Amino acid sequence: MTAATVRHVGWVLRGNPVTALAAAGAGLLVLVALLAPALVPYDPLASDVPAALLPPSRAHWAGTDQIGRDVLSRVLVSARLDLAIAAAAVTLSFALGAVIGGLCGYAGGRVDRWIGRLVDVMMAFPLFVLAMALVAALGNNVENVVYATALINLPFYIRFARAEVNVRRGRGWVEAARVCGNSHARVVLGFLLPNVLPAMAVQISLNLGWAILNAAGLSFIGLGVRAPTPEWGIMVAEGARFITTGKWWLIAFPGAALMLAVLCFNLLGDGLRDMLDPRMRT
């Protein structure tokens, strides 16, 4: 990263305190995910039945669950899994969607129309229900949750890239790239898609939040990650059985972590667009 890039990022963050706060929250989430095994005060899988359902205290800052596992340790470790699922799903859907949409928008014709109709059909389904069906058919493990989450996010990137490339394909600099002898694939991948990336930055950030929420939602209904693996959706589902008995900490801490993660990535979108848009550097 060059000094000019660092100065530009600093200028964007100083001009938008909300973006700076969201970036700090997202950075803290990533740091916790990376360092979680070293940060946890207890083994997140170790049970201690005599210490079950203890409220928050100096020994257990977030209390314990129904079999005596430390809630704080499980919340911290869950950040790694949920963030990994979201990052993998968004990376996969963005890479495939940008390439497919870019090629369709550049080429046009029958293939473009057929893919456009297919995307419209996919978006006509409730996307979470589609993810449920996919995971139920393929099996509820981490890999299938990633694939299902990537698939339901794919139409957004295809439509976005297709529309943006379709607008730009007749510009003079695109014609100049073709005249210089570049292949059609190189024009799309090397010239058009890099110019579309800033416009897609907001969608990437939003999809990270949605992917975390989708993974947690699938786990909540029993179609995602399997217990006893620490995961925010599983923790909320297990704690829901005790909420009527006043054991509020079982839901409050994993629910707050999930809410803050989604909120940070949603708020980060506008700032990420400004950081990546070359027009903002002038």
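Refer to the structure presented above.
Residues numbered from 1 in each chain as written. Predicted model: local features only at pLDDT ≥ 70, side-chain atom pairs only at ≥ 80, totals over all residues. Heavy atoms only, no water.

Quick notes on the overall build of the chain
Formally: Secondary structure elements follow DSSP: runs of H or I of four or more residues count as helices, runs of E of two or more count as strands, with numbering from the N terminus. Buried means the residue's accessible area, taken with a 1.4 Å probe over protein chains only, is under 20% of the maximum for its type, while exposed means over 50%, and partly exposed covers the values in between. Only heavy atoms matter for contacts: two residues are in contact if any of them lie within 4.5 Å across the pair.
Scanning the chain for helices and strands turns up 10 helices and 0 strands. Mapped in sequence order, the helices and strands of the chain form the string α-α-α-α-α-α-α-α-α-α. Taken over the C-alpha atoms alone, the chain extends approximately 75 × 45 × 25 Å along its principal axes. Within the chain, buried positions represent 43% of all 282 residues. Of the contacts formed within the chain by residues at least 6 apart in sequence, a portion of 73% connects residues at least 24 apart.

Quick look at the nonpolar core
Put simply, the rule reads: Nonpolar core, defined: a set of buried Ala, Val, Leu, Ile, Met, Phe, Trp, Tyr and Cys residues in which side-chain atoms within 4.5 Å join the residues together.
Core analysis: the biggest nonpolar cluster contains 43 residues, and L29, V71, Y106, L192, I212, W232 and F265 have the highest contact counts within it. Mapped onto this core, the elements with two or more residues apiece are α2 (17-39), α3 (71-107), α6 (142-168), α7 (172-179), α8 (184-220), α9 (232-240) and α10 (249-276). The element that contributes the greatest number of residues to this core is α8, accounting for 11 residues. Every residue in contact with V71, bar those within four places of it in the chain, is listed here: A62, G63, T64, D65, M235, W249, L250, F253 and P254. Core analysis: the next-biggest nonpolar cluster, separate from the first, contains 14 residues, A131, A148, A215 and V225 among them.

Remarks on a nonpolar patch on the surface
This is how it is decided: Patch membership is restricted to residues that have no salt bridge and whose relative accessible area is over 30%. Joining uses 9 Å for like charges and 5 Å for the nonpolar side chains Val, Leu, Ile, Met, Phe, Trp and Tyr. Every accessible area reported is derived by Shrake-Rupley at a probe size of 1.4 Å, with residue values counting cover from the shown protein chains alone. We define a salt bridge as a side-chain nitrogen of Lys or Arg found within 4 Å of a carboxyl oxygen belonging to Asp or Glu.
There is a patch of nonpolar side chains on the surface, built from L28, V30, L31, L34, L35 and L39 and spanning about 550 Å² of accessible area. For L39, the location among the structural elements is in helix α2. Owing to a relative accessible area of 44%, L39 belongs among the partly exposed residues under this scheme.

Overview of the side chain of S205
By the element assignment, S205 lies in helix α8. If near-sequence neighbours (up to four positions away) are discounted, S205 is found in contact with F265, N266, L268, G269 and L272.

Topic: α2
Let me state the cut-off plainly: To estimate the expected span of a helix, subtract one from its residue number and multiply by 1.5 Å. In this scheme, the bend at a residue equals the angle between the axes fitted to the seven residues that finish there and the seven that begin there.
In a regular helix each residue adds 1.5 Å, so 23 residues correspond to 33 Å; α2 covers only 28 Å between its end C-alpha atoms and thus falls short of that length. At A33, α2 is bent by approximately 50 degrees, the largest bend along its length, and proline P37 sits one to four residues beyond. If you check which residues of α2 are buried, you get T19, A22, A26, L29, V32, A33 and A36.

A look at the side chain of S78
Here S78 lies in helix α3. Given the relative accessible area of 0%, S78 is considered buried. Sequence-distant contacts of S78, that is, excluding residues within four places in its chain, are made with P230, E231, W232 and M235.

Section: the environment of A38
Summarising the element assignment, A38 is placed in helix α2. Using a relative accessible area of 70% as the deciding quantity, one classes A38 as exposed.

Any functional reading would require information that these geometric values do not contain.
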